[in-house]
Amino acid sequence: MTPTLVVTILVIYFAVLIAISLVTSRGADTTTFFTANRQSPWYLVAFGMIGSSLSGVTFISVPGNVGAVGFGYFQVVLGYLLGYWVIIGVLMPLYYRLNLISIYTYFEKRFNFWSYKTGAFFFLISRTLGSALRLYLAAAVLQLFLFDAWGVPFFVTVATTLALIWVYTIKGGIKTIVYTDAFQTFFLISAVCVAVWQISDDLGMSFPQMIDAIHESKYSKLFYFEDPNSPMFFFKQFIGGALITITMTGMDQEIMQKNLTCKTLGDAQKNMFWFSIILVIVNILFLTLGALLFIYSDQNNLAIPTYTDELFPRLALNEFSLVVGIFFLLGITASSYASADSALAGLTTSFCIDFLN
């Protein structure tokens, strides 16, 4: 891709995000910013949560890790399902019954003032660090494969990213993010689908042949029951996935804030249920992509990078067609911004509600 093409794609992409912001923020007030007036369509929330939940880490790390553990990550994804259903049955009814804006105000109702402030404080610290690391990984990929060639300093890449997020979320807040994340999720999933199609076509495989090739490869191992001491042991991964979901989704202001914008508890529960199903399907897509990346590299005698997170970017931008490169750029951008804008809104809400009252 030429620098002109990259800049053109990014300019159009952010112009669309800003246009969505202008439409969704009309007549917005403080209640709109924090709760979207509790009028968000549940299906839009469910679809958009895919992008904010996966982030740039999933976009490049899950396919890259297939070379080491095969489809073993799917054990964690199955645990996610259990965790999401606990949220549907236990936490969501609680949050809606108390009509919460910040979920941490529950601590004050259930325990005391200091429990409330401690919970909110730890969210601010953990989410700031976690989101910064996810944004760093995605920005580093853009920097390595695109902006370094233009001599753009890394801090400029990150500062520009945050500034653009601020521009399209400053007025509409969570209402805007519900719509922009759905838009960005579309490109994230499209990027994976296009890459899977391109690799299968390059390898001369039909869909059934692709499935057979993955199944017969060394990258298809799914369950690890053999060694209880292994970190990949099924029950460790499954239980870990469930607990990760309960804590990092059900007790996380960033993710739950979107669910609390639905009109009713029933809508929010439908949103979370279908989100969990779609997330499983999308993760299967990512794992399929990872297997195909390694099969393609093996058949074409391409060196596997030491840092396997670089495999997808390298092949997408250097080996595959221009279409794959364009969708990769859109996908990594979408995964970065869908995760970062939600984090910024969640942090803003928690700070304003929990500390500025």
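One can find the structure itself at the top, above this paragraph.
Residues numbered from 1 in each chain as written. Predicted model: local features only at pLDDT ≥ 70, side-chain atom pairs only at ≥ 80, totals over all residues. Heavy atoms only, no water.

(A) Region of the structure containing the layout of surface pockets. Approximately 520 Å³ is the volume found for the largest pocket. Lining the largest pocket are 20 residues; nearest its centre among them are Ser-53, Tyr-80, Arg-134, Ile-244 and Met-248. Sorting the residues of the lining of the largest pocket by element identifies helix 3 (42–69), helix 4 (74–97), helix 6 (113–145), helix 10 (234–248), helix 11 (253–259) and helix 12 (265–299) as the ones contributing at least two each. In terms of residue count, the dominant contributor to the lining of the largest pocket is helix 3 (six residues). Across the lining of the largest pocket, the residue classes tally to 10 nonpolar, seven polar and three charged. Considered as a void within the structure, the second largest pocket measures approximately 320 Å³ in volume. Along its surface, the second largest pocket is lined by 19 residues, and Leu-10, Phe-14, Phe-147, Thr-160 and Tyr-337 are the ones closest to its centre. Contributions of two or more residues to the lining of the second largest pocket are made by helix 1 (3–24), helix 6, helix 7 (154–169) and helix 14 (322–355). The leading source of residues in the lining of the second largest pocket is helix 7, at five residues. (1 Å grid on protein atoms, 1.4 Å probe; cavity = no way out; pocket = protein on both sides within 12 Å on 5 of 7 lines; lining within 4 Å. Points joined across faces, edges and corners; volume = space filled by probe spheres on them. Helix = DSSP H or I, 4+ residues; strand = E, 2+ residues; numbered from the N terminus. Nonpolar A, V, L, I, M, F, W, Y, C, P; charged D, E, K, R; others polar.)

(B) Up close: a nonpolar patch on the surface. On the surface, Ile-18, Leu-22, Trp-166, Val-167, Ile-170 and Leu-344 cluster together into a nonpolar patch covering about 530 Å² of accessible area. Counting residues per element, the ones that place at least two in the nonpolar patch are helix 1 and helix 7. Considering the arrangement of structural elements, one finds Ile-170 in the loop between helix 7 and helix 8 (174–202). (Patch = residues over 30% accessible without salt bridge, like charges linked within 9 Å, V, L, I, M, F, W, Y side chains within 5 Å. Areas by Shrake-Rupley, 256 points an atom, 1.4 Å probe, with all protein chains shown as cover. Salt bridge = Lys/Arg side-chain N within 4 Å of Asp/Glu carboxyl O.)

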